[in-house]
Amino acid sequence: MINFDDCTPELKDFLTYLEVIKGKSNNTVNAYYYDLRLFYKFVKYKNNSSIKLEQIDELEIADVPFEQIKKIRLTDLYEYMNYVNRYRSNSSSARARKVSSLKTYFKYLTNKAELIGKDPTVELDAPKISK
């Protein structure tokens, strides 16, 4: 079992769902955890003008209000994907995995947990992976 102490309750519930209900491996759950933790850090950065971009890695996410997640729109997701592309130099396959993590998480929030009304990732496309 992975330690999710630094997560919001919603994220912790999702990761537990992946592990216990969906039977995902520890490696898979860890990948979702790292992807979504970075996304939460980006959301915290975007919603707090006193945080500098260079401080993202230092941020804690347990205190990110779920209201900020509920307000995520497709344009916010594009901004995040731009961030991981430009500032973190993520490859297209790394960005595609992040898109997959976001899609799975928001689908869970919409359909399983019923915590949000509309899934903002429905129209989010994964980047083309070069061969």
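Here, the structure is the one placed above.
Keep in mind it's a predicted model, so treat the numbers as computed, not measured.

Rules behind the numbers
- Residues numbered from 1 in each chain as written.
- Predicted model: local features only at pLDDT ≥ 70, side-chain atom pairs only at ≥ 80, totals over all residues.
- Heavy atoms only, no water.
- 1 Å grid on protein atoms, 1.4 Å probe; cavity = no way out; pocket = protein on both sides within 12 Å on 5 of 7 lines; lining within 4 Å.
- Points joined across faces, edges and corners; volume = space filled by probe spheres on them.
- Helix = DSSP H or I, 4+ residues; strand = E, 2+ residues; numbered from the N terminus.
- Nonpolar A, V, L, I, M, F, W, Y, C, P; charged D, E, K, R; others polar.
- Salt bridge = Lys/Arg side-chain N within 4 Å of Asp/Glu carboxyl O.
- Buried < 20%, exposed > 50% of the residue type's maximum accessible area, 1.4 Å probe, protein only.

A. Focus on the layout of surface pockets. By volume, the largest pocket amounts to about 170 Å³. Along its surface, the largest pocket is lined by Y17, L18, K22, K24, Y32, T104, K107, Y108, N111 and K112. No other element matches helix α5 (residues 92-112), which puts 5 residues into the lining of the largest pocket. Looking at side-chain class alone, the lining of the largest pocket contains 4 nonpolar, 2 polar and 4 charged residues.

B. Local environment of the pattern of salt bridges. Tallied over the entire structure, the rule returns 7 salt bridges. Note that R97 and D35 form a salt bridge whose closest N and O atoms lie 2.6 Å from each other. One end of the pair, R97, is in helix α5; the other, D35, is in helix α2 (residues 26-46), with 62 residues separating them in the sequence. Its relative accessible area of 40% is what places R97 among the partly exposed residues. Taking the relative accessible area as the measure of exposure, D35 reaches 4% and is therefore buried. Each of the salt bridges in this network shares a partner with another, and the network as a whole consists of D35, R97 and K98.

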